[in-house]
Structures are given as C-alpha cells and as structure tokens.
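As a plain string of letters, each chain reads:
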Amino acid sequence: MDVKQFIRTIPDYPKEGIFFRDITTLLGDAEGFRSAVDALVRLHKGAKFDKVAGIEARGFILGGAVAHQLGLGFVPVRKKGKLPWTTIGQEYDLEYGTDTVEIHSDAISAGDRILLIDDLIATGGTAEAAVKLFARAGGNVLAASFVIELSELGGRQRLEALDIEVLSLCAYEGH
C-alpha cells in the first residue's frame, strides 16, 4: 500500500515555500494507520531489539504501536522539562538556537539495542540527538525508521554517518 495516499500536504506551512507533510490524516484512517505500523514492523522483521523509542510527539503514537507489535517496552524521547523523574538530556542545534531532548535516567539498561521511530526525518538533528542521548545512557540505537523522509535535507546521511540503519516508508523531494 502506498502510504502517501494517506498523507495530507499543506503548502506554505509553517512558512511560505514549505510543504508540510501532515500525518494526522494517516493516523485518523484505520486502514492507513494499521498499514503504516505494520510496514514499520516489517522493516525490522528478524532484528533483535530490546526497546523501541519514539520522538515527541508523533513518534510516541507510531513507536508505541510498533513496540506493542514487537512485544517490547517503549521509551519516550521528550523535550526538556516534560519528564517527571530524573533525566539525562542531549542538546542539539536548531536553525535559530538550541533545544534539548531527554529520557528518564532509568529508561534503558546498559547494552540495550534500540529501534528509534518518528513520523518524519528532515535534517536529522533531533534524531541524531536521540541517538547520542541513548549512547550516553549506555544503549545502542541500531536502526531509525520513519514514515516520511525529506530526502534533500540530508537527515539520512547524518544518521548513517553514526552507523545507524535508516529506513522510511516514503520520501518526498523538497521541503
């Protein structure tokens, strides 16, 4: 099934010249949502992971469903200040400034093999920060999977440079 048929494109959002790829239409369609989750699971058939991690916020929806199907625990990767327990964080650069992602300090065990899930990879900055965060916590992100890849923005190459397998269900050119 072509997942693109369930994704709405919104031109000039959040600013002129950007085509926003909206997965709320995918999530709201039972067939589309199930197909996307099943496809993400199939990408990793036979792989051995200990945990699935999802990046805030759409990565929680997709990653939680993937973790359920794989019979694994789920680790939320949240923006700074959103988790209620002791955390560790990783700062990363934005176009204008910096941001931080965090996980609970006890979210993984040393040596855990992690599958990272999010809805979209663009420049890869947030995903790279999550990979580095898990490495600092003693884990190893083996693969990162996305519904959408904006191939011109270089996120795949950024993660592959860290020896992360990168998979996506569909790709779009441009921003």
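Reading the values: rules and limits
Residues numbered from 1 in each chain as written. Predicted model: local features only at pLDDT ≥ 70, side-chain atom pairs only at ≥ 80, totals over all residues. Heavy atoms only, no water. Helix = DSSP H or I, 4+ residues; strand = E, 2+ residues; numbered from the N terminus. Rg over C-alpha atoms; globule rule 2.2 N^0.38 Å. Buried < 20%, exposed > 50% of the residue type's maximum accessible area, 1.4 Å probe, protein only. Contact = heavy atoms within 4.5 Å. Areas by Shrake-Rupley, 256 points an atom, 1.4 Å probe, with all protein chains shown as cover. Lys, Arg positive; Asp, Glu negative; His and termini not counted. Charge placed at Lys NZ, Arg CZ, Asp CG, Glu CD. Polar contact = N/O pair within 3.5 Å; in protein donor to acceptor, adjacent residues only side chain to side chain.

**With respect to the overall build of the protein**
Consideration 1: Summing up its helical and strand segments, the protein has five helices and nine strands in all.
Consideration 2: Taking 2.2 N^0.38 as the reference for a compact globule, 175 residues should give roughly 16 Å; the C-alpha atoms of the protein span a radius of gyration of 15 Å, in line with that estimate.
Consideration 3: Overall, the protein is about 40 × 40 × 30 Å in size when its C-alpha atoms are taken along their principal axes.
Consideration 4: Burial status across the protein gives 40% buried among its 175 residues.
Consideration 5: In the protein, the share of contacts with a sequence separation of at least 24, taken over all contacts with a separation of at least 6, comes to 57%.
Consideration 6: Summed over all atoms, the accessible surface of the protein reaches about 9000 Å², with 49% contributed by carbon and sulfur.
Consideration 7: Distance from the positive charge centre (19 side chains) to the negative charge centre (25 side chains) of the protein: 4 Å.

**Topic: the side chain of Asp22**
Consideration 1: With respect to the helices, strands and loops of the structure, Asp22 is situated in strand 2 (residues 19-22).
Consideration 2: Within the structure, Asp22 has its side chain in polar contact with the side chain of Thr24 (distance 2.8 Å).

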